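Overview (structure and organization)
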Amino acid sequence: MLRGSKSSLTTMSRLSYNLTRKGQLNLPGSTYASKKATEELLKKDAETHHCFFRSAGLHNHLSHHLLAAYDLGASAGQLQKIYDDEARTQRPIFLEEKDKDIVVSVDNWIQYLGNQSAYGAFVKFFSGEVQNLGASGAVERYIFSEDANKEPAEMLIRLVSGAVHPFILLGYGAEFGDDTLIATGLSQAAMHSPQLIRSIYPIDTSPPSQSLTLLELLHQVYESEVLTPPLPYDPDALINARYRNALSNGGAEEIKRLCSQYHISDSPSEADLASKIQEIMWVSTLLMASTGKKGRKPRLDFFLMHLVNSSIFLRPLCNMLKEPAHKAALLRTYIPLIVVITLSRGRPRINPELLMTFTAAPRPPIASTAFPKPSDTVVGNPLDDADYNPWPVMIEAVQYHQDSHVPKALRTLIYAAQHYGDTPPGGAIGSLQAGSDGEERETHIGSSKMDGTIFVRAAGMVMENLGWVRYGQKEGEWDRSALGWDAAWEGGD
């Protein structure tokens with residue numbers, strides 16, 4: 001029998017909490033028991049816990065962790081332990097007894113936006129709307145409709161606020177076909193403020209004379225004098241302050257100008273969507289894993305990691321949306337977010353050449369002598385990197401990590417490796433650009449040599465930096481130094 005706290009919100013019982021679709025990885029390991037465990041634990045979390053485990057806006061990641069682990073093949077017992085570990089720190093869905101009296105309706109929902117005390121009421125309201133309109137209908141009505149994006153609603157901006165967490169939760173609902181997560185994802189979006197990033201929207205959607213690739217756009221961001229990170233470097237600045245600094249003194253206008261040169265059609269084809277999502281997954285991986293310094297210990301930025309972890313949901317969210325214009329709006333909202341998060345970290349420069357120096361055959365910290373000697377009849381040698389596939393050991397090991405961000409990052413990198421791992425050197429979209437003389441040149445240092453192994457290299461960096469805890473290595477930490485500033489590297493590693 002699954003353990004969990006007593007439900008505080010029973011009105012969701014009419015809404016399906018079943019996983020009606022398989023995850024995007026769908027790795028071996030899923031059983032009737034693990035699927036049932038995941039569904040029941042997700043339902044308990046949705047009915048009993050607030051979306052913030054602290055009033056400061058720190059997000060409940062329990063559902064993220066459960067679904068990432070489930071898609072990686074975790075057992076029912078492991079899923080229960082994940083729930084037990086994280087449920088201890090959560091706040092109740094109704095923060096005070098009087099919050100149960102709040103009623104959110106079609107007529108008044110806008111007035112409760114941003115009110116943490118109304119979260120439980122929003123879950124009730126959106127559960128009813130999902131039941132009445134269907135999951136796609138509710139998302140298109142409350143995230144993408146014209147009314148939902150007028151001030152003060154601005155729901156699409158709210159969806160990508162808070163380090164993209166509402167987007168991630170809604171994405172899980174779309175990916176796994178879980179209506180309950182659609183309701184809680186909409187409710188979490190309703191808790192966020194659009195104020196911090198509203199100045200970078202909307203983007204001019206008219207076609208430019210020549211559209212940039214995303215790697216070319218990033219190059220333009222690096223070359224912009226307007227977007228030069230402010231000095232002096234403040235090691236103690238909070239993320240909101242870094243956002244405000246990045247958007248001040250013409251920063252917001254410059255972001256809009258540059259992003260307008262990355263054209264997204266009003267009615268993108270399936271090929272358009274696939275291409276744009278591919279570009280985003282490459283760039284987000286490079287921002288997380290190739291922005292260190294040569295000769296220094298690698299750093300993986302905590303906020304850039306959220307671009308990796310959220311990028312996997314672009315496909316299922318686009319698949320859910322019926323209106324082509326809404327798919328375009330989703331991508332147009334995501335692109336400026338990549339830029340502003342990068343600027344908030346001090347505009348760290350990607351270095352594909354550096355990333356390609358890290359191993360494509362990561363291994364846990366175990367001496368080769370600790371492994372049994374292979375039989376004389378084996379074909380190949382598993383201790384030889386040339387005969388070794390590193391993914392199985394990373395997939396197994398990451399399931400035991402306490403930090404949910406780690407299996408989430410690995411899941412995205414596995415997905416990217418499945419789809420783009422066979423890309424040849426220089427084959428990533430935008431790796432090369434034509435110069436004024438017509439000759440092709442690298443968009444970024446080493447981009448002509450960068451191939452599809454960047455995803456396994458990045459995965460190995462995640463395991464090494466955050467810890468092969470399954471093999472006794474101490475748990476590591478994500479970097480919060482804002483590593484784009486040179487001063488962030490002064491001192492030691």
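First, a word on scope: everything that follows refers to the structure included in this document. (Residues numbered from 1 in each chain as written. Predicted model: local features only at pLDDT ≥ 70, side-chain atom pairs only at ≥ 80, totals over all residues. Heavy atoms only, no water.)

**Describing the overall build of the chain**
The secondary structure content of the chain amounts to 18 helices and four strands. The C-alpha radius of gyration computed for the chain amounts to 22 Å, which stays within 12% of the reference 23 Å derived for 493 residues, consistent with globular compactness. Across the 493 residues of the chain, 57% fall into the buried class. In the chain, 79% of the contacts between residues at least 6 apart in sequence involve partners at least 24 apart. Just so you have it, the chain exposes about 20,700 Å², and 50% of that area is on carbon and sulfur atoms. When the 47 basic and 56 acidic side-chain charges of the chain are each reduced to a single mean position, those positions are 5 Å apart. (Helix = DSSP H or I, 4+ residues; strand = E, 2+ residues; numbered from the N terminus. Rg over C-alpha atoms; globule rule 2.2 N^0.38 Å. Buried < 20%, exposed > 50% of the residue type's maximum accessible area, 1.4 Å probe, protein only. Contact = heavy atoms within 4.5 Å. Areas by Shrake-Rupley, 256 points an atom, 1.4 Å probe, with all protein chains shown as cover. Lys, Arg positive; Asp, Glu negative; His and termini not counted. Charge placed at Lys NZ, Arg CZ, Asp CG, Glu CD.)

**So, unusual backbone geometry**
Following Glu 151, the chain continues to Pro 152 via a peptide bond in cis, the omega torsion being 10 degrees. On the secondary structure map, Pro 152 appears in the loop between α4 (119–144) and α5 (155–159). Going from Tyr 201 to Pro 202, the amide bond is cis rather than trans, its omega being -10 degrees. Inspection of the secondary structure assignment puts Pro 202 in the loop between α7 (179–190) and α8 (214–223). The phi dihedral of Glu 154 falls on the positive side, at around 45 degrees, and the residue is not glycine. Inspection of the secondary structure puts Glu 154 in the loop between α4 and α5. Of note in this structure, Ala 482 is not a glycine but carries a positive phi near 65 degrees.

**So, α8**
Within α8, seven of the 10 residues are buried, leaving the element largely enclosed by the surrounding structure. Taken as a whole, α8 has its buried residues at Leu 214, Leu 215, Glu 216, Leu 217, Leu 218, Val 221 and Tyr 222. Those residues of α8 that are buried are in contact with α10 (251–259), α11 (270–289), α14 (324–344) and β3 (432–434).

**Considering helix α9 (residues 239–247)**
All of the buried residues in α9 are Arg 242, Tyr 243, Ala 246 and Leu 247. Along α9, the residues classed as buried sweep out an arc of 125 degrees about the axis, all on the same side. Backbone geometry just after α9 places Asn 249 at a positive phi near 55 degrees. (Arc of directions from axis to C-beta.)

**With respect to the packing of aromatic side chains**
Counted under the stated rule, the structure contains 14 aromatic pairs. Considering the side-chain rings of Trp 109 and Tyr 142, the 5.2 Å spacing of their centres and the 85 degrees angle between planes classify their relative orientation as edge-to-face. Here the residue Trp 109 occupies a position in the loop between α3 (76–87) and α4, and Tyr 142 occupies one in helix α4, the gap between them amounting to 33 residues. Tyr 142 carries the same exposure label as Trp 109, and that label is buried. Relative to Tyr 334, the ring of Phe 167 has its centre 5.5 Å away and its plane inclined at 45 degrees; by these criteria the two rings are tilted. Separated by 167 residues along the polypeptide, Phe 167 in helix α6 (residues 165–176) and Tyr 334 in helix α14 bring together distant segments of the chain. For Phe 167, a relative accessible area of 0% puts it in the buried group. What makes Tyr 334 buried here is its relative accessible area of 0%. Its end group placed over the ring of Tyr 262, Lys 276 keeps NZ or CZ at 4.1 Å from the ring centre. Directly above the aromatic system of Phe 302 lies the positively charged group of Arg 480, at a separation of 3.9 Å from the ring centroid. (Phe/Tyr/Trp six-rings, centres within 6.5 Å; stacked < 30°, edge-to-face > 60°. Lys NZ or Arg CZ within 6 Å of the ring centre and 35° of its normal.)

**Some words on a nonpolar patch on the surface**
A contiguous nonpolar patch, built from Ile 366, Phe 371 and Leu 383 and spanning about 220 Å² of accessible area, is present on the exposed surface. Position of Ile 366 among the secondary structure elements: in the loop between α15 (352–355) and α16 (391–398). By relative accessible area, Ile 366 is classed as partly exposed at 32%. (Patch = residues over 30% accessible without salt bridge, like charges linked within 9 Å, V, L, I, M, F, W, Y side chains within 5 Å. Salt bridge = Lys/Arg side-chain N within 4 Å of Asp/Glu carboxyl O.)

**Concerning the packing of α16 against helix α17 (residues 405–420)**
For the pair α16 and α17, interaxial distance at closest approach is 10 Å and the crossing angle is 155 degrees. As judged from the angle between their axes, α16 and α17 are roughly antiparallel. In the crossing of α16 with α17, the sense of the turn from one axis to the other is left-handed. The residues of α17 that touch α16, namely those facing Trp 391, Met 394, Ile 395 and Val 398, are Val 406, Pro 407, Leu 410, Leu 413, Ile 414 and Ala 417. Of the residues in the contact of α16 with α17, the class split is 10 nonpolar, no polar and no charged. (Axes fitted to C-alpha atoms, helices over the stretch in contact; angles between N-to-C directions. Parallel < 35°, antiparallel > 145°, perpendicular 65-115°, else oblique. Left-handed = near helix turned anticlockwise from the far one by under 90°. Nonpolar A, V, L, I, M, F, W, Y, C, P; charged D, E, K, R; others polar.)

**Remarks on the nonpolar core**
Among the nonpolar cores identified, the biggest contains 158 residues, and Phe 122, Phe 167, Trp 391 and Trp 478 are the most heavily contacted of them. With 13 residues, α4 is the single largest residue contributor to this core. Those residues in contact with Trp 478 that sit more than four places away from it in its chain are Met 288, Leu 300, Asp 301, Phe 302, Met 305, Asp 403, His 405, Val 406, Ala 409, Val 462 and Leu 466. (Core = buried A, V, L, I, M, F, W, Y, C linked by side-chain atoms within 4.5 Å.)

**Brief notes about the packing of α17 against helix α18 (residues 454–466)**
The geometry of α17 relative to α18 is characterised by a closest axis approach of 9 Å and an angle of 165 degrees between their N-to-C directions. Taken together, the axis directions place α17 and α18 in an arrangement best described as roughly antiparallel. Along this stretch, α17 crosses α18, giving a crossing that reads as left-handed. Between α17 and α18, the contacting residues are Val 406, Leu 410, Leu 413, Ala 416, Ala 417 and Tyr 420 on the first element and Phe 455, Ala 458, Ala 459, Val 462, Met 463 and Leu 466 on the second. Residue composition of the contact of α17 with α18, grouped by class: 12 nonpolar, no polar and no charged.

**Quick look at the environment of Pro 152**
The class of Pro 152 is partly exposed, set by a relative accessible area of 49%. As a C-alpha pair, Pro 152 and Glu 442 span 290 residues in sequence and 43 Å in three-dimensional space. Residues contacting Pro 152, with those up to four places away along its chain left out, are Ile 110, Leu 113 and Arg 158.

**Observations regarding the environment of Arg 315**
In this structure, Arg 315 sits in helix α13 (residues 314–320). By relative accessible area, Arg 315 is classed as buried at 14%. When the C-alpha atoms of Arg 315 and Gln 116 are compared, they prove to be 30 Å apart, with 199 residues separating the residues in sequence. With sequence-adjacent residues up to four places away left out, Arg 315 is seen in contact with Gln 24, Glu 270, Leu 273, Ala 274, Ile 277 and Tyr 415.

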